[in-house]
Every structure is written in structure tokens, then in C-alpha cells.
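A closer look at the structure
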Amino acid sequence: MLAYKELQDILGATLKWEQNMLDLYEVAEIGIKDKDAKSALTFLKDNHVSHMDVLKNVDVKKFGPTEWVRYSLDYRTDDLIPKKAINRNSSAEEIWTLILDYEEKLKTFYRDVTDRLNTEKQKELFESLVLFKENQIQRILSSKNKHL
């Protein structure tokens, strides 16, 4: 279990994981050969970039006192997004499956954080992250079903 003492700490960790997710999108975008699938993946990646831009500019002071001493599950970057999970020989099916798996793990993390926060404003912030992940997962599933 991890104890985050500041909301900023957990946002920093999530930004790192979201950046790793973006890196995965970029590798997948190169790896997928199908033109339509690549187009869908580019759309998802661009959506992810927009989300990250918003997350980077979150002013934690707007969400009330930043102290947070409750525990969170012990997530590490490698647990969410293993290094070298995708390579140039990965199939489109493998790429879509890995991306879905990682997005689900990030959604679970955000939901766990939401359940452990102290203030409603902080909960709203992480509930919006859960919603973003749910929307992203639906788009991925829709694109995957169309292109595989």
C-alpha cells in the first residue's frame, strides 16, 4: 500500500503513467499496418494528449486542502505498462488487447483513488478521470471491433 500525503503527489504519479500510456499509443500507431485501424489509433492518441494537457494544468488548490493520508493500492508503472510490451512484430490484435488492458488498469487505479479521497471536490476530479477512461475504453473497443 502507498500513502500519498499530497494530492499533487498522486497527480504526479498519474501523469507519469498517462505519459507511458501515450508512449504505448505512439508505438502502437507505428506497429499497426491497417490504414483504418491506424487512423482510429491516432484519434485515440490525440484524445489522450488532450486529456493529459488538462491533467497537467490541474490546480490542486482548487480542490480543497491537499493533505491526503489514506492508503492507495501499490501500483508501479511496470505493473500498469510493462516495458517493451509491444514491438514491431506485435499483431494488431495484441496491440489492441494490451492497450485495453492498460486503460482498464488505469481506470481501476482512478476508481480506487476516488474511493479513498477525503473531499467531494477531490473525488469529482478523480471521478472525471474514471469517466475519461471509460469513454476511452469504449472508443478502443469500438475501433477494435471495426478493424479486427
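This write-up is about the structure you can find in this document. (Residues numbered from 1 in each chain as written. Predicted model: local features only at pLDDT ≥ 70, side-chain atom pairs only at ≥ 80, totals over all residues. Heavy atoms only, no water.)

**Focus on the environment of Lys56**
- Checked against the element boundaries, Lys56 lands in helix H2 (residues 35-56).
- Taking the C-alpha atoms as reference points, Lys56 and Leu15, 41 residues apart in sequence, are found 7.2 Å from one another. (Helix = DSSP H or I, 4+ residues; strand = E, 2+ residues; numbered from the N terminus.)

**A few points about H2**
- With 22 residues, H2 ought to run about 32 Å at 1.5 Å a step, and its terminal C-alpha atoms sit 31 Å apart, in line with that.
- Among the residues of H2, those classed as buried are Ala37, Ala40, Leu41, Leu44, Lys45, Asn47, His48, His51, Met52 and Leu55. With its buried residues spanning 165° around the axis, H2 presents them on a single face. Of the exposed residues in H2, those oriented more than 90 degrees away from the buried face are Lys35 and Val54. (Expected span 1.5 Å × (residues − 1). Buried < 20%, exposed > 50% of the residue type's maximum accessible area, 1.4 Å probe, protein only. Arc of directions from axis to C-beta.)

**What to know about the pattern of salt bridges**
- Applying the stated criterion across every chain, the model contains six salt bridges.
- Salt-bridge contacts for Lys45 lead to Glu29; the nearest nitrogen and oxygen are separated by 3.1 Å. Of this pair, Lys45 sits in helix H2 while Glu29 sits in helix H1 (residues 7-31); the two residues are 16 residues apart in sequence, bridging distant segments of the chain. Grouping residues by exposure puts Lys45 and Glu29 together as buried.
- The closest approach of N and O atoms between Arg111 and Glu134, which form a salt bridge, is 2.7 Å. Here Arg111, found in helix H4 (residues 92-116), pairs with Glu134, found in helix H5 (residues 120-147); they are 23 residues apart in sequence, far enough to count as distant. (Salt bridge = Lys/Arg side-chain N within 4 Å of Asp/Glu carboxyl O.)

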